[in-house]
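# Results of the structural survey
So you can see what is in the structure, the chains are spelled out below.
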Amino acid sequence: MAKNLVIVESPAKAKTIEKILGKDFEVISCFGHIRDLEKDDMGIDINNNFKPKYIIPDDKEKVVKDLKKLAKTTDEVWLATDEDREGEAISWHLCEVLGLDPEITKRIVFHEITKPAIEKAVQQPRLLNMNLVNAQQARRILDRIVGFELSPVLWRKMSMRNHLSAGRVQSVAVRLIVEREREINGFTAVSSFKVEAFFIAKDLNGKNITFKAEGPTRFKTAEDAEKFLQQCVGAAYSVKDIQVKPGKKSPAAPFTTSTLQQEASRKLGYSVSKTMLLAQKLYESGKITYMRTDSVNLSDTALADIQKAITTNYGERYHQHRKFKNKNESAQEAHEAIRPTYMENASIDDSDSRKLYELIWKRTIASQMSDAELEKTIAKIDISTNHEELTASGEVLKFDGFLKVYMEGRDDEDVSEDDEQDGSLPPLTLKQVLDLKEMKATERFTRPAPRYTEASLVKKLEELGIGRPSTYAPTITTIQKRNYVEKRDKEGVKRDFRILLLKADKLTKVTESENTGAEKSKLFPTDLGMIVTDFLSQYFGNVMDYGFTAKIEEEFDEVAHGKKIWNKMLNEFYTPFHKDVENTLENAERVKGERQLGTEESTGKPIVARMGRYGPMVQIGKAEDEEKPRFAKLKATQSIETITLEEAMELFKLPRNLGKFEGEDVTVNIGRFGPYAAHDKKFYSLKKEMDPYTVELDEIAPLIVEKRAAKDERTIKVFEKEKIQILKGPYGPYIKQGLRNFKIPKEKIDTAADITVEEAKAIIEDVKANPPKKKAPPRKKKAE
């Protein structure tokens, strides 16, 4: 038995550290939190200063038992959980459960898993920081209170479903997405005409090249643009002024948690949770520094290593020492930015996390590199007929500097229509006469703010001061799991635009079309998300207020710095919040979540779009009518807020009878599990690309044949009367009755084809009476 027991959160981290510390240390994982709040009665004694009631979950019983045994037989226990509030709380729970005295138990912290960092931590242990523990407890308890008290309000006041839930940060994040959606829905595009002139001039080699100059203004109407072009008929064009201005571009700061999430989304297409999962893997294997941070600092040792890597790979001229300042003055866990632990390693062997590692390496290197040096030329071109000015601009890169390694990406909202990269201009001289190739005025339309991506939502939350590095990924995952938000693509629509073209002094008009409004991997609020947001905003204004939520975050920071008492802070929040809960339960009306669309022409019955048990739908008629109401499910791209009466009536064209196949009718419809075709009393799910409103028989017939053949291939035996099947599965044969599957005992697997109906029934009854024990879900890493 080793003399020293070191406890960390994850097995991967334990393995890496044990290699560094050697034989006198045994490093063991506690697999994250070993205690959590009780589920019953909220797990909080509100009347006793918000005292938490902790329990050891069933799936942690063995872990705790093993840790206790090891702790008793070792000379000294060291707590080496992450250096943040969550890690500090885990260490405190370990003290409580293992009977360790927090006044003397050694707590070691480090920002990177390298030999020097670990050895330094062991030489300089500290004690538990209860301010950090209390800040974590305050967040956990406050969020539990909000969830436990708000969710029953939703159950009582909203008739859609009983598993609705609300959360402090999550509900505010959904509000951002809902407000952006409504802004887009209410947006009206305004057109204007942009003038561009294309000239021909000779380059340094005497070769003719074309360059572009832009008009003096945008014209609001086609008539104004046409008038300008008419004035240019017969005009001569000459260079009136040339300005050459030096410029520079500076690199971005090294990564924090949020900027890493944003850039990995832009450049690699990673979701926020995937980025954090890979970053955690890199940290635990000793490849990068701690991945939950809002600091942009780099240590002196790191700066020296970065300088060496730059001068070795690119030369002395490419190095420029920089100190970046944290935007967030109360930067939590403000130690270092995310960087590679060994700058000499530009890449790693692990294929899963290599792209993310290389992104971090490039960003870190670039942050200490020289500015890129540019030369921008702006030429003013005179029009002889009206003496208006056209402007041509070009940019020449004189020294690439940090651009040799890395250029920061940009989000949709940061890119305007005019944001085109300047090209280079041919050499121009004052009074030089230019040949006009053509001039055109193109109709362009204003655009609404784009929908959020996961990364741009993180950026917005950070700007508002909502959440902290450890909360972004779980917040975004939660709002999607709750079906308040969905991530999907949106197809563009065709739109006509006009072009007025002046060429050889002749003006022509053409109309072209473009695809507009297409979006990829954007966050859309569901109808449920919109309805819940409206309800919470109406009755719980503070909880849904951006400023109030940010203020709560600041108060957590004050607790972490020992400036505020955690349970006093909770009481200040809880007293008015609980009054709002009681008032809402007593006085608020039930939310129907419906919108009147009109009446059915043939019957005069009302038509409403509303939330149903299985999601948004359209209903014709009332429940109290003699004839039952008719229902149709909304398409995935439709919303209660925006669907029109005409679109709603289209939904009632289902079920559609497509005709006969093999002597039986084929119909298509949408059911609880999506679009399907029905044929000969059997049902076949449609392929993703098949639209039930437009699909035809010649597309469905091959699908039926294909799926029937696949099913026949899987079928071992069928007992029609009892609706029992014996089927082949990927892991061997099994029994299916209705929608349930039943495992066949090992001794009967080889003779599954010989199982009788009585034996099948007996197996089913046995499984029902003795259901298999559910495996404990895998431990969630904190990044999720």
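Residues numbered from 1 in each chain as written. Predicted model: local features only at pLDDT ≥ 70, side-chain atom pairs only at ≥ 80, totals over all residues. Heavy atoms only, no water.

### A look at the packing of helix H6 (residues 168-185) against helix H12 (residues 454-464)
Interaxial distance between H6 and H12 falls to 11 Å at its minimum, and their mutual angle equals 115 degrees. By the angle between their directions, the pair H6 and H12 is classed as roughly perpendicular. You can see that H6 and H12 cross each other, and the crossing is right-handed. The residues of H12 that touch H6, namely those facing Ala173, Leu176 and Ile177, are Leu457, Lys460, Leu461 and Leu464. (Axes fitted to C-alpha atoms, helices over the stretch in contact; angles between N-to-C directions. Helix = DSSP H or I, 4+ residues; strand = E, 2+ residues; numbered from the N terminus. Parallel < 35°, antiparallel > 145°, perpendicular 65-115°, else oblique. Left-handed = near helix turned anticlockwise from the far one by under 90°. Contact = heavy atoms within 4.5 Å.)

### As for unusual backbone geometry
Going from Leu654 to Pro655, the amide bond is cis rather than trans, its omega being 0 degrees. For Asn49, which is not glycine, the phi dihedral falls at a positive 55 degrees. Judged by relative accessible area, which is 52%, Asn49 ranks as exposed. With a phi close to 50 degrees, Ser521 is a non-glycine residue in the positive phi region. Mapped onto the secondary structure, Ser521 falls in strand S18 (residues 519-525). Classification of Ser521 as partly exposed rests on a relative accessible area of 36%. (Buried < 20%, exposed > 50% of the residue type's maximum accessible area, 1.4 Å probe, protein only.)

### Here's the deal with the state of the cysteines
Here the structure, examined in full by the defined rule, presents 0 disulfides. Cysteine Cys95 shares no disulfide, and the gap to the nearest cysteine sulfur, in Cys30, comes to 12 Å. Using a relative accessible area of 3% as the deciding quantity, one classes Cys95 as buried. (Disulfide = S-S within 2.5 Å.)

### Examining the pattern of salt bridges
Oppositely charged side chains can pair when the atoms bearing their charge come close. Tallied over the entire structure, the rule returns 57 salt bridges. One salt bridge in this structure joins Lys62 and Asp66, with 3.0 Å as the shortest N-O distance. Separated by 4 residues within a single helix, Lys62 and Asp66 lie in helix H2 (residues 61-72), roughly one turn from each other. In this structure, the salt-bridge partner of Arg126 is Glu88, at a minimum N-O distance of 2.8 Å. In this pair, Arg126 is assigned in the loop between helix H4 (115-123) and helix H5 (130-157) and Glu88 in helix H3 (residues 85-98), connecting sequence segments 38 residues apart. According to the relative accessible area criterion, Arg126 is partly exposed, its value standing at 25%. Salt bridges sharing common partners tie together Glu9, Lys13, Asp82, Asp84 and Arg292. (Salt bridge = Lys/Arg side-chain N within 4 Å of Asp/Glu carboxyl O.)

### Considerations on the sheet that holds strand S30 (residues 740-743)
A sheet is described by the order of its strands in space; here 4 strands give the open sequence S27-S28-S29-S30, paired in antiparallel fashion. Among the strands making up the open sheet, the edge pair consists of strand S27 (715-719) and S30. Across the sheet, the mean angle from the axis of one strand to that of its neighbour is 25 degrees, orientation sign disregarded. Relative to strand S29 (residues 732-737), strand S28 (residues 724-729) is paired through 6 bridges, and the arrangement is antiparallel. Bridge pairing in S29 places Ile724 opposite Gln737. Of the strands in this sheet, S27, S28, S29 and S30 touch helix H21 (residues 757-769), which is tilted by about 95 degrees from S30. (Pairing = 2+ DSSP bridges.)

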